[in-house]
There are 2 protein chains.
Amino acid sequence: MNNNKLDLKQTLMQFLTQFEGFLTKDELQLIVDNSTIQLFKKGTYLLKEGEVAKHCYLVLNGCVREYLVKNGEEKSTAFYTEGQPVNSFTSATNKTKANHNLICVEDCILTVGTSSLEEEMCELIPRLRSVIRMEVEKHTGTYQDEMSKFITSSPEERYQDLLENRPDLLNRVPLHQIASFIGITAESLSRIRKRMTDKKD
Amino acid sequence: MNNNKLDLKQTLMQFLTQFEGFLTKDELQLIVDNSTIQLFKKGTYLLKEGEVAKHCYLVLNGCVREYLVKNGEEKSTAFYTEGQPVNSFTSATNKTKANHNLICVEDCILTVGTSSLEEEMCELIPRLRSVIRMEVEKHTGTYQDEMSKFITSSPEERYQDLLENRPDLLNRVPLHQIASFIGITAESLSRIRKRMTDKKD
C-alpha cells in the first residue's frame with residue numbers, strides 16, 4: 001500500500017511538471033505532499049443532483065461521467081479522463097444545488113480538493129494563485145471552444161471529432177452514453193456508424 | 001461630451017455595486033476612474049478570426065455577436081448584451097489565433113480591459129484578485145451549464161429557452177443568426193415558430 005501511495009504521488013508529480021516554469025520543484029513537491037489522493041470504486045457518486053458541490057477533482061486514472069436526468073432518461077453531458085479536472089462551478093461558487101450527477105464509470109484515482117485546502121496552499125505558495133487563475137481561464141476557454149464547436153457541428157461531425165480527439169472514450173463508455181453526449185439517440189448514432197463503415201468498404 | 005462620460009462612468013458604477021460586499025466604495029470608485037470606456041459603432045470588429053485576443057470587454061450597452069465561418073457560412077456562437085463580459089479565453093490565455101470573430105451588432109458602449117491594466121488594478125486593490133477569480137469561475141459555470149443545456153435539449157426547447165430567458169435578443173438580432181445560434185437552419189426555425197403560433201391559436 002505504501003508503494004501504491006508512492007506511485008500515486010508520482011503520477012500527480014508527473015502531471016504537475018507542466019507547471020515547472022511557474023513553480024519551483026520544492027513548491028510542486030509541497031503541493032504533492034499536501035494533496036489528498038483517493039481511490040473511488042466504479043459506480044461511486046462524487047456528486048448527486050440536488051447536492052451542493054464541495055469538492056473538486058483531478059483525474060489521475062479512470063473516467064468520471066457527468067449526467068442529468070431529463071424526462072426520466074439519463075443524458076450524459078461530459079466525460080472526464082486522465083489529466084482533466086472535474087468541477088461543478090455554478091454549484092460550488094454560488095453554493096446552489098447541482099443540476100447534474102458525477103459518477104465514476106471505472107475505478108478512479110482522483111485528487112480531492114476543497115476551497116479551504118486551496119486557500120491554505122495559496123498561503124504557502126503565493127504564486128500558486130496566478131497558476132490556478134491561468135488554469136481556470138484555460139478551462140473556461142475549453143468550454144467556450146467546445147460550446148462553439150457543438151453549436152456549429154452536425155452529430156456526424158461530433159462523432160468524427162470524438163474518433164479523432166478522444167478515441168479512448170469510445171472503448172471506455174457504452175455507445176448509448178456517447179450518443180446522448182453528442183445530442184442524439186442511440187439509434188441515430190448506430191445509423192451514423194453504419195454509414196461511416198459503409199463508406200469505408 | 002463630459003456629461004456623457006459621466007453617465008458612462010455611472011453606468012459602470014451601477015454594474016459594480018454588486019461587488020459592494022467584497023470591495024469598499026473607494027475601491028469601486030478607483031476601478032471606475034481607471035476603466036477605459038469606449039463607444040463602438042455598429043459593424044465594428046472587436047476581434048477577427050486569426051488575430052490574437054488582447055482585450056476583454058464588458059457590455060454596458062449594446063450587443064456583440066461571436067461567430068465563426070464554416071463552409072462559407074457565418075455561424076453565430078454567442079450574443080453578449082448588457083452586463084455580460086466578452087472574452088476570448090483560449091486565444092488570450094495561450095496567445096493563439098482566435099477561431100472566431102467578435103462584431104458589434106448595435107452601437108456599443110464597452111469597457112475595454114487588458115491583462116496589464118488588470119494587473120495594475122490588482123496591485124492597487126489586492127482583494128480584487130479574489131473577486132476576479134470568483135467572476136471567472138461564475139463565467140465558467142455559466143459555460144458548463146449552457147453546454148449541458150444545449151447538449152440535452154431539442155432546437156425547439158432551445159428557442160423556447162431564449163423566449164423565456166433572453167426575449168430582448170429576438171428583437172435585436174436577425175432570425176437567421178438566432179437559428180445558427182441554436183444549431184439549426186433558418187428554415188427549421190421558421191417551422192418551429194409556425195408550429196408554436198399554430199399551437200397558440
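So, how was this worked out
- Residues numbered from 1 in each chain as written.
- Chains lettered and ligands numbered in written order.
- Predicted model: local features only at pLDDT ≥ 70, side-chain atom pairs only at ≥ 80, totals over all residues.
- Heavy atoms only, no water.
- Contact = heavy atoms within 4.5 Å.
- Buried area = accessible area lost by both parts, 1.4 Å probe.
- Salt bridge = Lys/Arg side-chain N within 4 Å of Asp/Glu carboxyl O.
- Helix = DSSP H or I, 4+ residues; strand = E, 2+ residues; numbered from the N terminus.
- Core = buried A, V, L, I, M, F, W, Y, C linked by side-chain atoms within 4.5 Å.
- Buried < 20%, exposed > 50% of the residue type's maximum accessible area, 1.4 Å probe, protein only.
- Phe/Tyr/Trp six-rings, centres within 6.5 Å; stacked < 30°, edge-to-face > 60°.
- Lys NZ or Arg CZ within 6 Å of the ring centre and 35° of its normal.
- Pairing = 2+ DSSP bridges.

Engineer: How would you sum up the interface of chain B and chain A? Please name residues and give values.
Structural biologist: Of the residues lining the interface, 40 residues belong to chain B; the matching set on chain A comes to 40 residues. Both faces combined, the contact of chain B with chain A buries some 3,300 Å², and carbon together with sulfur accounts for 60% of it. At the junction of chain B with chain A, the criterion picks out four salt bridges. A salt bridge links Arg-133 of chain B to Glu-118 of chain A; its shortest N-O distance comes to 2.6 Å. Counting only elements with at least two residues in the side of chain B that touches chain A, the list comes to strand 4 (64-70), strand 5 (73-80), helix 3 (89-94), helix 5 (128-151) and helix 8 (175-181) of chain B.

Engineer: A description of the nonpolar core should follow, citing residues and the corresponding values.
Structural biologist: Formed by 42 residues in total, the largest nonpolar core has its most connected members in Leu-169 of chain A together with Leu-169 of chain B. Beyond its immediate stretch of four places on either side in the chain, Leu-169 of chain A contacts Cys-63, Phe-79, Thr-81, Leu-162, Ile-178 and Phe-181 of chain A.

Engineer: Explain the packing of aromatic side chains to me, and be specific about the residues and the numbers.
Structural biologist: A ring pair, where both rings are aromatic, is described by two values, the distance of the centres and the angle of the planes. Throughout the structure, instances matching the rule amount to seven aromatic pairs over all chains. Taken together, a centroid distance of 5.9 Å and an interplanar angle of 85° make the contact between Phe-150 of chain A and Phe-150 of chain B edge-to-face. With Phe-150 of chain A in helix 5 (residues 128-151) and Phe-150 of chain B in helix 5, the pair connects residues from two separate chains. Of the two residues, Phe-150 of chain A and Phe-150 of chain B, neither departs from the other in class, the shared state being buried. Ring geometry for Phe-15 of chain B against Phe-19 of chain B: centres 6.4 Å apart, planes inclined by 70°, an arrangement best described as edge-to-face. The exposure class assigned to Phe-19 of chain B is buried, which follows from its relative accessible area of 6%. The ring of Phe-150 of chain A has Arg-158 of chain A sitting right over it, with the charged end atom 3.7 Å from the ring centre.

Engineer: Lay out the pairing of strand 8 (residues 108-113) of chain A in plain terms, naming residues and giving numbers.
Structural biologist: Regular strands place side chains that alternate from one sheet face to the opposite one. Residues and elements named next belong to chain A. With six of its six residues buried, strand 8 lies for the most part within the structure. Bridging between strand 1 (residues 36-40) and strand 8 involves five bridges; their strand directions are antiparallel. From the neighbouring strand, Phe-40 faces strand 8, where its bridge partner is Cys-108. As defined by bridge partners, strand 3 (residues 56-61) adjoins strand 8 across five bridges and the pair is classed as antiparallel. Each residue of the ladder has a partner; that of Leu-58, found in strand 8, is Thr-111.

Engineer: Got a sec to walk through unusual backbone geometry? Specific residues and values, please.
Structural biologist: One non-glycine residue, Asn-71 of chain A, lies in positive phi territory at about 50°. You can call Asn-71 of chain A exposed: its relative accessible area is 72%.

Engineer: Please provide a residue-by-residue account of the pattern of salt bridges, values included.
Structural biologist: Applying the stated criterion across every chain yields a total of 34 salt bridges over all chains. In this structure, the salt-bridge partner of Glu-157 of chain B is Lys-70 of chain A, at a minimum N-O distance of 2.8 Å. Within this pair, whereas Glu-157 of chain B is found in helix 6 (residues 155-165), its partner Lys-70 of chain A is found in strand 4 (residues 64-70), the two belonging to separate chains. With a relative accessible area of 34%, Glu-157 of chain B lands in the partly exposed category. The salt bridge involving Arg-172 of chain B is made with Asp-168 of chain B; its shortest N-O contact spans 3.0 Å. In this structure Arg-172 of chain B comes out as partly exposed when scored by relative accessible area, which is 22%. The exposure class assigned to Asp-168 of chain B is partly exposed, which follows from its relative accessible area of 31%. A cluster of three or more residues bridged by salt bridges with shared partners is formed by Glu-82, Glu-106, Asp-168 and Arg-172 of chain A.

Keep in mind that these numbers describe shape and distance, not what the molecule does.
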